[in-house]
Amino acid sequence: MASSSSSGLTFKLHPLVMLNISDHYTRVKSQSQPPPSSHSCSNGSGSGADSPSASAPPRVFGCVIGVQSGRTVEIFNSFELLYDPSTHSLDRAFLEKKQELYKKVFPNFYVLGWYSTGSDAQESDMQIHKALMDINESPVYVLLNPSINHAQKDLPVTIYESELHVIDGIPQLIFVQASYHIETVEAERISVDHVAHLKPSDGGSAATQLAAHLTGIHSAIKMLNSRIKVLHHYLLAMQKGDIPCENSLLRQVSSLLRRLPAIDSEKFKDDFLMEYNDTLLVSYLAMFTNCSSTMNELVDKFNTAYDRHSRRGGRTAFI
């Protein structure tokens, strides 16, 4: 059971954490379903299902990492853990190794708690929660509900804290639900927007939808360019005296042109050049990767041809 948290902490959850948990669960579920004769789903996948039956969805486990500044806890990322369903415990050696590796890459990130999947917190979860208190004295528990509920508008993610309550004269740790909000950085917003726009909705591929999207942008720019040309030719004709001067039209054109200095500033130029250079860099990297792949394939073909030639030459010399 869980109640509302009264700790006063502010939790910020990044979309990458939800994507990682969802991907972890999807992989474990897809690996455990196809072989019906399989009796184990936890060989390195982190699944905590006690039964291999298809009716019991697997549970996955992992750690969440991030930073805590004062009363604000920001969860940036997560990594998977190995779970032993017989003892309801995590592989501690694996956890320490992953923590050491992540510390080298993200020195400012700390283990804030752990995550799992399910509709509600279970009694065995408190055992895992207590086991992590030597790493973080007040760990957080992020629970993702993988079941699909079309009527639910909120995200199927719940964050729990642990509080010490006296129940029947006995002090006990219980899970208390905490409020949170989604925090994103620029890279995450771009990634989420990219995935949302490229998701096939009518059975078409992502490449087809991307081509249609770019075609629409090209058509809009082409139409805008043609209308600007018409306006430009009209003003030139008005300046030469070929057509009478219309003050109302000139006022509208002047009002339109006065909006241009809003983007003609040093800050806009710096931001635009930065975005333009980033785009060129990404294009260069994509081209470089493509060339490297082609070169690797060419080298592999030469190696294969050389090996075959060497084997034929060896047999000829032997004969």
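Nothing here was measured: the structure is a model prediction, and the numbers come from that model.

Digging into the packing of aromatic side chains
Reasoning step 1: Enumeration according to the criterion identifies twelve aromatic pairs in this entry.
Reasoning step 2: Note on tyrosine 102 and phenylalanine 106: the rings are 6.1 Å apart at their centroids and 25° apart in plane angle, and the pair reads as stacked.
Reasoning step 3: With relative accessibility at 29%, the residue phenylalanine 106 sits in the partly exposed group.
Reasoning step 4: An angle of 25° between the planes, with centres 6.2 Å apart, marks the rings of tyrosine 284 and phenylalanine 288 as stacked. In this pair, tyrosine 284 and phenylalanine 288 both sit in helix 7 (residues 266–318), four residues apart, roughly one turn of the helix.
Reasoning step 5: Cation over ring: lysine 103 sits above tyrosine 110, and NZ or CZ is 3.4 Å from the ring centre.

Topic: the pattern of salt bridges
Reasoning step 1: If you walk through the whole model with that rule in mind, you get five salt bridges.
Reasoning step 2: Arginine 92 is paired through a salt bridge with glutamate 96; the nearest N and O atoms lie 3.9 Å apart. Of this pair, arginine 92 and glutamate 96 both sit in helix 2 (residues 92–105), four residues apart, roughly one helical turn.
Reasoning step 3: A salt bridge links arginine 92 to aspartate 134; the nearest nitrogen and oxygen atoms lie 2.5 Å apart.

Some points on a nonpolar patch on the surface
Reasoning step 1: Together, Phe268, Phe272, Leu273, Tyr276 and Leu280 line one region of the surface with nonpolar side chains, adding up to about 500 Å² of accessible area.
Reasoning step 2: Residue placement: phenylalanine 268 occurs in helix 7.

A few points about the pairing of strand 3 (residues 61–69)
Reasoning step 1: Of the strand pairs in this sheet, strand 3 and strand 7 (residues 110–117) are connected by six bridges, and their pairing is antiparallel. Bridge pairing in strand 7 places cysteine 63 opposite tryptophan 114.
Reasoning step 2: Both strand 3 and strand 4 (residues 72–80) contribute to a ladder of eight bridges, which runs antiparallel. Bridge pairing links cysteine 63 to phenylalanine 79 in strand 4.
Reasoning step 3: Counted along the chain from strand 3 to the antiparallel partner strand 4, the turn is two residues long, and its residue glycine 70 has a positive phi close to 65°.

Conventions and cut-offs
- Residues numbered from 1 in each chain as written.
- Predicted model: local features only at pLDDT ≥ 70, side-chain atom pairs only at ≥ 80, totals over all residues.
- Heavy atoms only, no water.
- Phe/Tyr/Trp six-rings, centres within 6.5 Å; stacked < 30°, edge-to-face > 60°.
- Buried < 20%, exposed > 50% of the residue type's maximum accessible area, 1.4 Å probe, protein only.
- Helix = DSSP H or I, 4+ residues; strand = E, 2+ residues; numbered from the N terminus.
- Lys NZ or Arg CZ within 6 Å of the ring centre and 35° of its normal.
- Salt bridge = Lys/Arg side-chain N within 4 Å of Asp/Glu carboxyl O.
- Patch = residues over 30% accessible without salt bridge, like charges linked within 9 Å, V, L, I, M, F, W, Y side chains within 5 Å.
- Areas by Shrake-Rupley, 256 points an atom, 1.4 Å probe, with all protein chains shown as cover.
- Pairing = 2+ DSSP bridges.

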